[in-house]
Amino acid sequence: MASQGSQQVQCEPLTQAMVLLDHPSTLSRLFELNSQDIDIKLLAKDLPPLQSVGPQKCLAFSTDGSKFATGGMDGHLRILQWPSLQVLLDEPRAHKSFRDMDISLDSEFLVSTSIDGSARVWKINDGVPLVSLTRTSDEKIECCRFSRDGTKPFLFCTVQKGGKVVTAVWDISTWNRIGYKRLLRKPTSVLSISLDGKYLALGSHDGDICVVDVKKMEICHWSKKLHLGTCISSIEFCPTERVVISTSNQWGAVATKLSVPSDWKEWQIYLLLLGLFLASAVLFYIIYENSDSFWNFPLGRNQPARPLMEGFVRDPQISDDQSPW
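Structural notes, computed from the coordinates. (Residues numbered from 1 in each chain as written. Predicted model: local features only at pLDDT ≥ 70, side-chain atom pairs only at ≥ 80, totals over all residues. Heavy atoms only, no water.)

### A word on the pairing of strand β10 (residues 119-123)
The following threshold applies: Any two strands with at least two DSSP bridges between them are considered paired. In this text, helices come from DSSP runs of H or I with a minimum length of four residues, and strands from runs of E with a minimum of two, each type numbered from the N-terminal end.
One ladder, built from five bridges, connects strand β9 (residues 109-114) with β10; its direction is antiparallel. Following the sheet pairing, threonine 113 is matched in β10 by alanine 119. Joining the antiparallel neighbours β9 and β10 is a turn of four residues, in which glycine 117 adopts a positive phi near 95 degrees.

### As for the nonpolar core
Our working rule: What is meant by a nonpolar core is a set of buried Ala, Val, Leu, Ile, Met, Phe, Trp, Tyr and Cys residues, joined one to another through side-chain atoms within 4.5 Å. Note on exposure labels: buried denotes an accessible area under 20% of the residue type's maximum, exposed denotes more than 50%, and partly exposed covers the range between, all computed with a 1.4 Å probe on protein chains only. Should any heavy atoms of two residues lie within 4.5 Å, those residues are counted as being in contact.
Counting 16 residues, the largest nonpolar core has Leu133, Ile141, Phe146, Leu155, Cys157, Trp170 and Trp175 as its most contacted members. When residues of this core are traced back to their parent elements, those giving at least two are β9, β10, β12 (139-146), β13 (154-161) and β14 (164-171). Other than its neighbours up to four places away in sequence, leucine 155 contacts Val111, Leu133, Cys144, Arg145, Phe146, Ala168, Val169, Trp170, Ile172 and Trp175.

### Some words on the pattern of salt bridges
What counts here: For this analysis, a salt bridge means a side-chain nitrogen from Lys or Arg found within 4 Å of a carboxyl oxygen belonging to Asp or Glu.
Evaluation of the coordinates by the stated rule reveals eight salt bridges. Here arginine 177 makes a salt bridge to glutamate 139, at a shortest N to O gap of 3.0 Å. Highlighted residues: arginine 177 in strand β15 (residues 176-181) and glutamate 139 in strand β12, separated in sequence by 38 residues. Taking the relative accessible area as the measure of exposure, arginine 177 reaches 29% and is therefore partly exposed. Here aspartate 206 ties to lysine 186 by a salt bridge, and the two come within 3.1 Å at their closest N and O atoms. Here aspartate 206 is found in the loop between β17 (199-204) and β18 (209-213), whereas its partner lysine 186 is found in the loop between β15 and β16 (188-193), with 20 residues between them in sequence. Its relative accessible area of 34% is what places aspartate 206 among the partly exposed residues. On the basis of relative accessible area, lysine 186 is assigned to the partly exposed category, the value being 22%. One salt-bridge network, in which partners are shared between bridges, spans Glu108, Lys123 and Asp126.

### Points about the sheet that holds β12
For clarity, the cut-off: Here an angle of 0 to 180 degrees is reported between the N-to-C directions of two axes, which are lines fitted to C-alpha atoms, with helices fitted over the stretch in contact.
Spatially, four strands are ordered β12-β13-β14-β15 in an open sheet, and the strand pairing comes out antiparallel. Of all strands in the sheet, those with a lone pairing partner are β12 and β15, marking the two edges. The mean angle between the axes of side-by-side strands here comes to 30 degrees, regardless of whether they run parallel or antiparallel. Two elements, β13 and β14, share eight bridges in a ladder whose sense is antiparallel. Counted as the bridge partner of lysine 161 is lysine 164 from β14.

### Description of the packing of aromatic side chains
Definition in use: When the centres of two rings from Phe, Tyr and Trp lie within 6.5 Å, Trp using its six-membered ring, the rings pair. Their planes under 30 degrees apart give stacked, over 60 give edge-to-face, and anything left gives tilted. We call a charge positioned over a ring when the NZ of a Lys or the CZ of an Arg lies within 6 Å of the ring centre and within 35 degrees of the ring normal.
Considering all chains together, one arrives at four aromatic pairs under this definition. Their ring planes at 90 degrees and their centres at 5.3 Å tell us that phenylalanine 109 and tryptophan 175 sit as a pair that is edge-to-face. Separated by 66 residues along the polypeptide, phenylalanine 109 in strand β9 and tryptophan 175 in the loop between β14 and β15 bring together distant segments of the chain. Over the face of the ring belonging to tryptophan 222 we find lysine 224, whose NZ or CZ atom lies 5.3 Å from the ring centre.

### Concerning unusual backbone geometry
In this structure, the amide linkage connecting tryptophan 82 to the following residue, proline 83, adopts the cis form with an omega of 10 degrees. Mapping proline 83 onto the fold places it in the loop between β6 (77-81) and β7 (87-91). With phi around 60 degrees, serine 107 is a residue other than glycine that occupies positive phi space. Within the element layout of this structure, serine 107 appears in the loop between β8 (98-103) and β9. Looking at serine 107, the relative accessible area reads 3%, which means it is buried. For methionine 217, which is not a glycine, the phi torsion comes out positive at approximately 55 degrees.

### Here we look at a nonpolar patch on the surface
Filter applied, for reference: Each patch is built from residues lacking any salt bridge and having more than 30% relative accessible area; the joining distance is 9 Å for like charges and 5 Å for nonpolar side chains (Val, Leu, Ile, Met, Phe, Trp, Tyr). Method for areas: the Shrake-Rupley scheme with a 1.4 Å probe, in which residue coverage is limited to the protein chains shown.
Taken together, the side chains of Trp267, Leu271, Leu274, Phe277 and Leu278 make up a nonpolar region of the molecular surface, amounting to roughly 580 Å² of accessible area. Among the secondary structure elements, leucine 274 is positioned in helix α1 (residues 266-290). Residue classification places leucine 274 among the partly exposed residues on the basis of a relative accessible area of 45%.

What follows is the structure, given as structure tokens:
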């Protein structure tokens with residue numbers, strides 16, 4: 001993302017956000033974003049571990065924000081704790097040059113791809129390479145993203161084979177490829193996944209975007225010529241709404257509302273549960289009033305009437321010493 005000029009910032013009002021951006025010259029810069037009321041200040045700070053490291057091709061934060069990784073144009077991989085900046089992995093020959101990277105939901109693994117089409121998986125806490133993803137000699141693994149729903153341990157990668165581009169899926173428990181599907185059907189420049197893991201977004205080199213339902217692996221939204229004739233450099237999902245922001249060098253940032261089913265809000269779920277509870281109470285009351293609950297079953301022709309409740313009340317005239325025992 002950094003080498004293509006896009007800058008991504010996520011923040012909330014009245015909070016501070018630490019953001020890493022690639023500087024056009026030679027080093028990565030740290031910015032502190034202060035948001036108080038309507039005043040916004042962007043303060044540049046030094047980041048010693050990444051000073052004078054050269055141009056960085058890609059950067060990834062873990063979902064919980066405790067780790068981040070950078071991949072340089074020289075193939076140098078660095079994984080650090082955040083915000084302590086403790087170095088977990090420093091590998092100068094990880095790749096020929098980085099293409100893309102991502103960190104798994106549990107922050108245990110990092111996957112990285114190279115411009116030569118190879119892909120490697122790293123175990124973050126141990127600081128060692130774990131496995132190289134299998135591919136044929138004419139395949140190039142390009143973009144990569146881990147699943148995010150917490151139940152399906154998958155890795156999604158775009159794979160180019162000749163003139164065909166497919167989205168392949170690996171099972172991260174065995175690191176075996178389990179399937180693939182043609183989705184965008186053109187060279188892919190960027191791959192992104194929503195925070196809840198329900199949707200994948202793919203951007204093309206000529207400005208198209210398609211969004212895929214992960215459960216069905218089917219396209220549910222397509223925006224053609226969104227960035228007309230320009231390579232899409234980044235796609236980010238909105239955390240709270242079904243909206244994506246895409247960027248390109250020529251057209252800048254474009255927000256797109258997705259034509260997908262709306263998600264249930266928390267208050268809507270509670271309202272539905274309350275409605276079901278009230279409906280159940282009303283139904284129970286109607287049944288109780290119009291049927292005989294326990295005693296008032298339909299009476300047969302020769303069946304005596306219901307017993308009176310008084311029959312169950314103990315007669316005070318009957319003494320306790322009448323028991324034969």
